[in-house]
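Residues per chain, in single letters:
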Amino acid sequence: MGLKNLQLKFKAIRLLVGESKSKKRQSRTTQKPPWMVPVSHGYHVIEDRSSCDGGFEEEDSDTVVVQREQIEDTEVWFFGVSDSRIGDGITKYLQSNFFDRKPKQSQMMRKSKEAMKKAYIGAKAKVRKTGKGEEEEEEEEAWKVGSASAMVMNGEKLVLANMGEYRAVVCKDGVAHQIGKKHRRTAQLSWTRKLISGGFLTPKVGMLACNGVSGDDSQPPKSSAVLVATERIDSDTEFIILASTGIWEVMKNQEAVNLIRHIEDAQEAAECLAKEALTRVSRSNISCLVIHFDQITI
């Protein structure tokens, strides 16, 4: 299949931030505290309609959201890549239940994590309501849609979330880290220890929310689980990739990180990642957003 025959559709991106409409996002350091890590970002969306019978419908398109809010002395960035069936719902929930309520700085991290988790759970529930009634069909429909989001506070605190086959990956000192893997491995280790010690108790595997990310790069099973993680942005935190199924079905986490780590401009990095997925003949929507943390050296 020749690339020249591919019908590419670049969806109009909904940007909820009063910045320039240019895709190249430069970090703004003026009128900011000297300790704040500058944040820059870029995005790229490709939709290949030729691989589907009848072509893509509008509801099959992905949505990319970039939103900046100022809550007292805290600068908050919200980034998201979502299936269009749930992306708008997640954004609206966060706007009315987090940004508009302007939480105090001491409650910012806890409130943002709670709001993110509830936004995702609510979106997931709405998808299931549109199913045909059978439990298996509802679950099938739920994991087909997905979303990956990141909330950055003052360039020093981070809340990540993803569900379905969409994924949030953090590059720390050149190593890819994906949220949710640490939690699953911890449960498995707990189960193993209990077997070795002679016990036979069922390990508690509760909400898939954790306090950090892990470097496990194995392919996760198809799941509609909502994963939420929080962590601090330190000197090792280089960038974040938020991407749809079209990226991850043709490359692993570390491959994606290695591909763009040398690219300083976030927009160029996003374009490189998307075009590489297209070259590898990804059959799903290709959408990605790259967030750079431009560490200041003194």
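Residues numbered from 1 in each chain as written. Predicted model: local features only at pLDDT ≥ 70, side-chain atom pairs only at ≥ 80, totals over all residues. Heavy atoms only, no water.

We now examine the environment of valine 76. Here valine 76 lies in strand β4 (residues 74-83). For the pair valine 76 and asparagine 154, spaced 78 residues apart in the sequence, the C-alpha separation amounts to 6.3 Å. Setting aside residues no more than four positions away along its own chain, valine 76 makes contact with Gln67, Arg68, Glu69, Ile71, Phe98, Phe99, Met151, Val152 and Met153. (Helix = DSSP H or I, 4+ residues; strand = E, 2+ residues; numbered from the N terminus. Contact = heavy atoms within 4.5 Å.)

Bringing the pattern of salt bridges into the picture now. According to the stated counting rule, one finds ten salt bridges in the structure shown. Notably, a salt bridge pairs aspartate 88 with lysine 92, separated by 3.1 Å at the nearest N-O pair. Highlighted residues: aspartate 88 and lysine 92, both in helix α1 (residues 84-99), separated by four residues, approximately one helical turn. Take lysine 92: its relative accessible area is 52%, and that puts it in the exposed class. (Salt bridge = Lys/Arg side-chain N within 4 Å of Asp/Glu carboxyl O. Buried < 20%, exposed > 50% of the residue type's maximum accessible area, 1.4 Å probe, protein only.)

A word on the confidence of the model for the protein. On average, residues of the protein score 76 in pLDDT, and 62% of them reach the 70 mark or higher. Confidence, read as mean pLDDT per element, is least for helix α4 (residues 181-196) in the protein (42) and greatest for helix α6 (residues 253-260) (98). pLDDT under 50 marks residues 183-209. Its contacts with residues more than four places away, or in other chains, come to 30 contacts. (pLDDT = per-residue confidence, 0-100.)

Between its first and last C-alpha atoms helix α7 (residues 266-279) spans 20 Å; for 14 residues at 1.5 Å apiece the expected length is 20 Å, and the two agree. Listing the buried residues of α7 in full gives Ala266, Gln267, Ala269, Ala270, Leu273, Ala274, Ala277 and Leu278. Residues of α7 that are buried make contact with β2 (39-46), β12 (237-243), α5 (245-248), α6 and β13 (286-293). For α7, the side-chain oxygen to backbone nitrogen distance between the N-cap and glutamine 267 is 3.1 Å, and the N-cap itself is aspartate 265. One or two residues past the end of α7 sits valine 281, with phi positive at roughly 60 degrees. (Expected span 1.5 Å × (residues − 1). Polar contact = N/O pair within 3.5 Å; in protein donor to acceptor, adjacent residues only side chain to side chain.)

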